[in-house]
Amino acid sequence: MHVTVPTTAGRIRGRREGEVSAFLGIPYAAPPFGPRRLRPPVPPQPWTGVRDALAHGHSAPQPGYLPAMAGLLHEAAHPGEDCLNLNVWTPAPGRTGGRLPVMVWIHGGAFRNGSGSLPSYDGARLAADGVVCVTLNYRLGAEGFLLLDDGTANLGLLDQIAALEWVRDNIAHFGGDPDDVTLFGQSAGAIAITALMTMPRARGLFHRAITQSGAGHHSHPPHIGRRITERLAALAGTAPTRDGLAAVPPERLIAADQALSREIAQAADPGQWGESAGGGTTVLPVVDGTTLPERPVDALAGGAGRDIDLLTGTTSDEFRLFLVPLGIAPRITDEVLHGFLAGLGLQPAEARSVYAAARPGATPGDLLSAAMTDHAYRIPALRVAEARAAHGADTFVYEFVRPSPALDGALGACHMAEIGFVFGNLADPLTGPDAPRDLSDTLREAWTTFARTGRPGTAGGVLPHWPAYAGRRSVMRLGDGAPAVTEDPAADARLLWRNLRRPVPRTA
């Protein structure tokens, strides 16, 4: 059955299936190509009559994943120029008095891949739980995150803000409350959300945040942002200017970005690429001083975003997704491991001993994965929680521990392992067959309750009392039997990083 809803650009037609209506491929901004390429987003052209919102729109142009990841990660479908669109699932279209909480998903993919329309991100199950769920696309790679010669930066983040402005102006027509918006996202999406918590242009557009496997360290200072732009432009065979880059076909910029990733992975001096050292990312949000005033973790340490409720966490074995499928883990020797540990700023012998003590029989590849999980994900998340606690802002921290059965269990509780459970889409490649529905029920209750109340749990619900992180360093363990609170888990490993990955204090 079809159902129509008004928006600021015109009426749209969605499809009702059971208790939930879906509106797909809604433009929230004009296509960011042609004369608008590498420029901030502008509203879409209004239409007359009723526009169909029955199929997903284009995804942002992107390279796709390496063949080794085939079968583990969904590829985005139908990349194209008209990519600034979003999807809405709601149990109450047209009921503006419903005032349902709104959950807006920002996808991951290392700022180079992904889409809000992937099957794992279908919002129907969350909407059936009584929220309005929105997923969105934003510009990726060079199109979204270069620091341009005129100072323009963070176009992908500005796209996300434009989508949130669309939510503010339109979501009441879908039964949602524009004054009760929770952002949730994973990996690059969680990094973006942490940045949005500190961006003046995003202030007031959302009220709560859930950041899964991404925090506030991953951004580039201006000098590295310029280096990325200059080298990517050179690899694309053009000048590092807006006009030069805009004259290059998108496919060539994508190829240049891939080439740059390989260069960064092989760099003799990884430090020249900052948080992109290793090549897992190239472009990142840039601290341009205007759209993004400070590195997000530093801004949070200064008190930014303390009025936004936050739920954050990681998986136990994040980095195994990047080491195991590519066959890297077995090639890690003790010598290589020690070099990596030293490069992270750790004392190699001490760090190896601590990580090995918690993992009897672990190989050097296993220990590297554990250290990289801490460096890239767990410690940054804890630094955010610590920074907020200093300002009296509660942060609720989780660890997702269920191993993925994919690749015969070799991935462990890897990066992205929790996503299918959060959305209730248990056909996700990493959840595996016979995924426990009660675990999905638990995560959905935690996430949706947080969206309603700012606290991830209810009296008499499936979750025990979940304290804020604060002084006892409380972390909710999810995915291994009944949910349980642990205090300062893996404390020995955390203490290895006591002087590392810390916010930079503001100078007077």
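Thresholds, definitions, all that
- Along each chain, residue indices are assigned from 1 in the same order as the chain's sequence is written.
- Note on the predicted model: pLDDT of at least 70 is required for a residue's local features to be given, and 80 or more for side-chain atom pairs to be given and counted; whole-chain, interface and lining totals, by contrast, use all residues.
- To get the side-chain values, take all heavy atoms of the structure and skip hydrogens and water.
- Helix numbers and strand numbers start at the N terminus; a helix is a DSSP run of H or I with at least 4 residues, a strand a run of E with at least 2.
- In the sections that follow, a salt bridge refers to a side-chain nitrogen of Lys or Arg positioned within 4 Å of a carboxyl oxygen of Asp or Glu.
- Residue exposure (1.4 Å probe, protein chains only): buried if accessible area is under 20% of the type maximum, exposed if over 50%, otherwise partly exposed.
- Note on terminology: pairs of cysteine sulfur atoms within 2.5 Å are recorded as disulfides.
- Note: two strands are recorded as paired if DSSP finds a minimum of 2 bridges between them.
- With the strands pointing away from the viewer, any crossover whose connection runs clockwise from the first strand over the helix to the second is right-handed.
- Working rule for contacts: check all heavy atoms of both residues, and any pair within 4.5 Å makes them a contact.
- Classification of ring pairs uses Phe, Tyr and Trp, with its six-membered ring standing for Trp, and accepts pairs whose centres are within 6.5 Å; under 30 degrees between planes counts as stacked, over 60 as edge-to-face, and the remaining range as tilted.
- Note on geometry: axes are lines fitted to C-alpha atoms, helical ones only across the stretch in contact, with angles between N-to-C directions running from 0 to 180 degrees.
- Throughout, the term roughly parallel applies to angles under 35 degrees, roughly antiparallel to angles over 145, roughly perpendicular to angles from 65 to 115, and oblique to all others.
- Take the far helix as the reference: if the near one is turned anticlockwise from it by less than a right angle, the crossing is left-handed, and if turned clockwise, right-handed.
- Throughout this entry, Asp, Glu, Lys and Arg are counted as charged residues, while Ala, Val, Leu, Ile, Met, Phe, Trp, Tyr, Cys and Pro are counted as nonpolar. The remaining residues, Gly among them, count as polar.
- Every helix has an expected span of 1.5 Å times one less than the residues it contains.
- Whenever two N or O atoms come within 3.5 Å, that pair is a polar contact, provided that in protein one can donate a hydrogen and the other can accept it, and provided that, for residues adjacent in sequence, both atoms are side-chain atoms.

Undergrad: Help me out: how do you make sense of unusual backbone geometry in this one?
TA: Excluding glycine, most residues fall at negative phi; most peptide bonds, likewise, are trans. Even without being glycine, Ser187 reaches a positive phi, approximately 60 degrees. Here Ser187 shows up in the loop between strand 8 (176-186) and helix 4 (188-196). You will see that Ala490, though not glycine, has its phi angle at about 50 degrees, which is positive. On the secondary structure map, Ala490 appears in the loop between strand 13 (484-487) and helix 15 (491-496).

Undergrad: Help me understand the pattern of salt bridges in this model?
TA: When their charged atoms lie close together, side chains carrying opposite charge are able to pair. Taken as a whole, this structure holds 26 salt bridges when the rule is applied. The partner of Glu275 in a salt bridge is Arg501, and the shortest N-O contact between them spans 2.6 Å. Separated by 226 residues along the polypeptide, Glu275 in the loop between helix 7 (250-265) and helix 8 (296-301) and Arg501 in the segment after helix 15 bring together distant segments of the chain. A single burial state applies to Glu275 and to Arg501, both of which are buried. Through salt bridges with shared partners, a single network forms among Arg125, Asp129, Asp441 and Arg444.

Undergrad: Sorry if this is basic, but what is going on with the state of the cysteines here?
TA: Across all of its chains, the model carries zero disulfides by this definition. The thiol sulfur of Cys133 is not disulfide-bonded, and the nearest other cysteine sulfur, from Cys83, lies at 20 Å.

Undergrad: Sorry, what's going on with the pairing of strand 9 (residues 208-212) here?
TA: Residues in a regular strand project their side chains so that they alternate between the two faces of the sheet. Taken across its five residues, strand 9 has five buried, putting it largely inside the fold. Across the two faces of strand 9 the burial is the same, with Arg208, Ile210 and Gln212 and Ala209 and Thr211 all buried. Sheet analysis places strand 8 next to strand 9, joined by five bridges and oriented parallel. Among the inter-strand pairings, Phe184 is bridged to a residue of strand 9, identified as Ile210. Between the parallel elements strand 8 and strand 9, the chain passes through helix 4 in a crossover that is right-handed. Sheet topology places strand 9 next to strand 10 (residues 309-315); five bridges connect them, and they run parallel.

Undergrad: Explain the environment of Gln212 to me, please; I cannot follow it from the model alone.
TA: Within the element layout of this structure, Gln212 appears in strand 9. As for Gln212 and Gly185, which are separated by 27 residues in sequence, their C-alpha atoms are 6.0 Å apart. Those residues in contact with Gln212, other than ones at most four positions away along the chain, are Trp105, Phe184, Gly185, Gln186, Ser187, Ala190, Gly313, Tyr398, Glu418, Ile419, Val422 and Trp447.

Undergrad: How should the packing of aromatic side chains be read in this particular structure?
TA: A complete count under the given rule lists 12 aromatic pairs for this structure. Pairing Tyr121 with Phe423 gives two aromatic rings, centres 5.8 Å apart and planes at 35 degrees, and the pair type is tilted. Here Tyr121 is found in the loop between strand 6 (100-106) and helix 1 (124-128), whereas its partner Phe423 is found in helix 13 (residues 419-423), with 302 residues between them in sequence. According to the relative accessible area criterion, Tyr121 is buried, its value standing at 3%.

Undergrad: Where do I start with the pairing of strand 1 (residues 2-7) in this structure?
TA: Residue alternation in strand 1 divides its side chains into a buried set, Val3, Val5 and Thr7, and an unburied set, His2, Thr4 and Pro6. Examined bridge by bridge, strand 1 and strand 2 (residues 10-17) share six bridges and lie antiparallel to one another. Bridging from a neighbouring strand, Val5 pairs with Ile12 of strand 2. As consecutive antiparallel partners, strand 1 and strand 2 are separated by two residues.

Undergrad: Just to check I follow, could you spell out the packing of helix 5 (residues 222-236) against helix 7 for this structure?
TA: Axis angle and axis distance: for two packed helices, these are the angle between their axes and the distance between the axes, and together they describe the pair. With their axes 8 Å apart at the nearest point, helix 5 and helix 7 run at an angle of 120 degrees to one another. When the interaxial angle is binned, helix 5 and helix 7 end up oblique. For the pair helix 5 and helix 7, the sense of crossing is right-handed. Of the residues in helix 7, those touching helix 5 at Ile228, Arg231, Leu232, Leu235 and Ala236 are Arg252, Leu253, Ala256, Asp257, Ala259, Leu260, Glu263 and Ile264. By residue class, the composition of the contact of helix 5 with helix 7 is nine nonpolar, no polar and four charged.

Undergrad: Explain helix 14 (residues 437-453) here, please?
TA: In an α-helix, one full turn covers 3.6 residues, which means residues spaced three or four apart are oriented alike. Taking 1.5 Å per residue, 17 residues should reach 24 Å; helix 14 reaches 24 Å between its end C-alpha atoms and fits that length. Of all 17 residues making up helix 14, 12 are buried, and the element is well covered by its neighbours. Residues Leu439, Ser440, Thr442, Leu443, Arg444, Glu445, Ala446, Trp447, Thr448, Thr449, Phe450 and Ala451 constitute the buried set of helix 14. One or two positions beyond helix 14, positive phi appears at Gly454, with a value near 80 degrees.

Undergrad: Just to check I follow, could you spell out the side chain of Thr395 for this structure?
TA: Residue position: Thr395 is located in strand 11 (residues 395-400). In terms of polar contacts, Thr395 uses its side chain to reach the side chain of Arg388, at 2.7 Å. In contact with Thr395, not counting residues within four places along its chain, are Leu310, Thr312, Ala385, Arg388, Ala468 and Tyr469.

Undergrad: Before we go on, may I ask you to explain the environment of Arg473 in this structure?
TA: By secondary structure assignment, the location of Arg473 is in the loop between helix 14 and strand 12 (474-478). Sequence spacing of Arg473 and Arg383 is 90 residues, and the spatial spacing of their C-alpha atoms is 11 Å. Ignoring any residue separated from it by four or fewer positions in sequence, one finds Arg473 in contact with Glu386, Thr486, Glu487, Asp488, Pro489 and Arg494.

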